[in-house]
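Descriptive structure summary
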Amino acid sequence: MPSRSDTARSQRFLKACRREATDCTPIWIMRQAGRYLPEYRKLREKHAMLELAKTPELATRVTLLPVERFDLDAAILFSDIMVPLWGMGVPFRIEESVGPVIDDPLRTEAAIRDLKSFDAQRDVPFVLEAIRQIRRELDGRIPLIGFAGAPFTLASYLIEGRSPRRLRWTKALMFDRPDLWDELMGRLTDTVIAYLTAQVAAGAQALQLFDSWVGNLSPAQYATFVQPHSRRIFQALKETGVPLIHFGTETSALLERMAEAGGDVVGADWRIPLDEAWRRIGQDRGIQGNLDPAVLFAGSGVVRREAGAVLSLAGGRPGHVFNLGHGILPETPVENVACLVDFVHEASRRPAS
Ligand code: 1CP
């Protein structure tokens, strides 16, 4: 990691989120602390994923693993989008090669009405302590991003019980019982606002809202069933003063609506060219993305060529945060991650003015 005096690096990501000029384009990688890192796999031999997330010392160590290896411009808290749901009284586990699993999914009115209200200090003190420890360890070198799942994505896990590929039950509730849907989304919105506000109070310097599964909705469905809730989150979080990133995948048809809901920066996946996505999001916002994570399985020449194509579509305009279009895939060759990070910095370097 560079010394504290490297102020250009420490500011790059936050400045880009505010669409201010930077010395080069900042980069961080969604799921950067994950399974492609041999050090992470080693820790996982001894500790379950949720044990890592619940133990502040371990969560801090995992958060810092990618930051020590690569010249990344931001760290992201090691946790999972499901973690605040414990506080709402929903037990879940993480299954190898599957992801979160809820044995008793929420499909009745009684189950939804029985959800407890979330209190960050009471329910996730370990997350807040991890944030404080990570900030101490980072010592101002790069900023720390906090995150939460968006209400729609959380609701889809709650209702489907596992990886929500088809969203049959979720959409059935949405269509059949819009009143109950709004109640559930309202409760999750309250949780997300309380959770993210507490993360900033503990030291998170930017926030990302992950609406990973929202691309399953039509623009009209999004506008009716999701947008009012996501908008409430962004309005409430404005008060924290930290940059807010709004992310989803397969959102090519939804970008305008997502931007309306809020976010200083809106994420785009690789299915849409970055310049087109930026036009649709609006030039008054930043954009994050959007290299296809699969590119990192090709040769280093391809990595540079494809990353260069993303940079040229951004055109050097302030407000671009380089990232993959979605999380880095397990088994990604580590040397290609180093190649990508260094290439993005070198190829986008702007002469000092
Ligand atoms: O850098 C990081 O890895 C940060 C930590 C992090 C984040 C930001 C984890 C650790 N999970 C998440 C967010 C998350 N979790 C999202 C939003 C981002 C995205 O869309 O990729 C989602 C949808 C989840 C749910 C989840 N948890 C999945 C996806 C499965 C599915 O439904 O397709 C999985 C595999 C998990 C478990 C999990 N969370 C995190 C890790 C490293 C793992 C894998 C378990 C392990 O390998 O130890």
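That block above? That's the structure.
Everything quoted here is computed from the prediction, not taken from an experiment.

**Brief notes about empty space enclosed by the protein**
Enumeration over the complete set of coordinates arrives at 2 cavities of 30 Å³ or more. Looking at the largest cavity, the residues that line it are Ala16, Glu20, Thr22, Thr25, Pro26, Arg317, Pro318, Gly319, His320 and Arg350. In the lining of the largest cavity, the residues fall into 3 nonpolar, 4 polar and 3 charged. Its boundaries defined by the atoms lining it, the second largest cavity holds a volume of some 30 Å³. The wall of the second largest cavity is formed by Leu196, Leu207, Gln208, Leu209, Ile233, Phe234, Leu237, Leu244 and Ile245. Where the lining of the second largest cavity is concerned, the elements lending two or more residues are β5 (206-211), α12 (227-238) and β6 (244-248). Among the residues forming the lining of the second largest cavity, the class breakdown is 8 nonpolar, 1 polar and no charged.

**Let's talk about the site of the ligand**
In the vicinity of the ligand there are 25 residues, among which Tyr40, Arg44, Tyr157, Ser163 and Ser212 approach most closely. Interatomic distance of 2.5 Å between a side-chain N/O atom of Tyr40 and an oxygen atom of the ligand. The separation between a nitrogen atom of the ligand and a polar main-chain atom of Ser79 is 3.5 Å. Listing elements by their share of the shell around the ligand, those giving two or more residues are α2 (38-46) and β3 (99-101). Its residues assigned to classes, the shell around the ligand shows 14 nonpolar, 6 polar and 5 charged.

Procedures and definitions
Residues numbered from 1 in each chain as written. Predicted model: local features only at pLDDT ≥ 70, side-chain atom pairs only at ≥ 80, totals over all residues. Heavy atoms only, no water. 1 Å grid on protein atoms, 1.4 Å probe; cavity = no way out; pocket = protein on both sides within 12 Å on 5 of 7 lines; lining within 4 Å. Points joined across faces, edges and corners; volume = space filled by probe spheres on them. Nonpolar A, V, L, I, M, F, W, Y, C, P; charged D, E, K, R; others polar. Helix = DSSP H or I, 4+ residues; strand = E, 2+ residues; numbered from the N terminus. Near = heavy atom within 4 Å. Polar contact = N/O pair within 3.5 Å; in protein donor to acceptor, adjacent residues only side chain to side chain.

Geometric descriptors of this kind do not, in isolation, establish any biological role.
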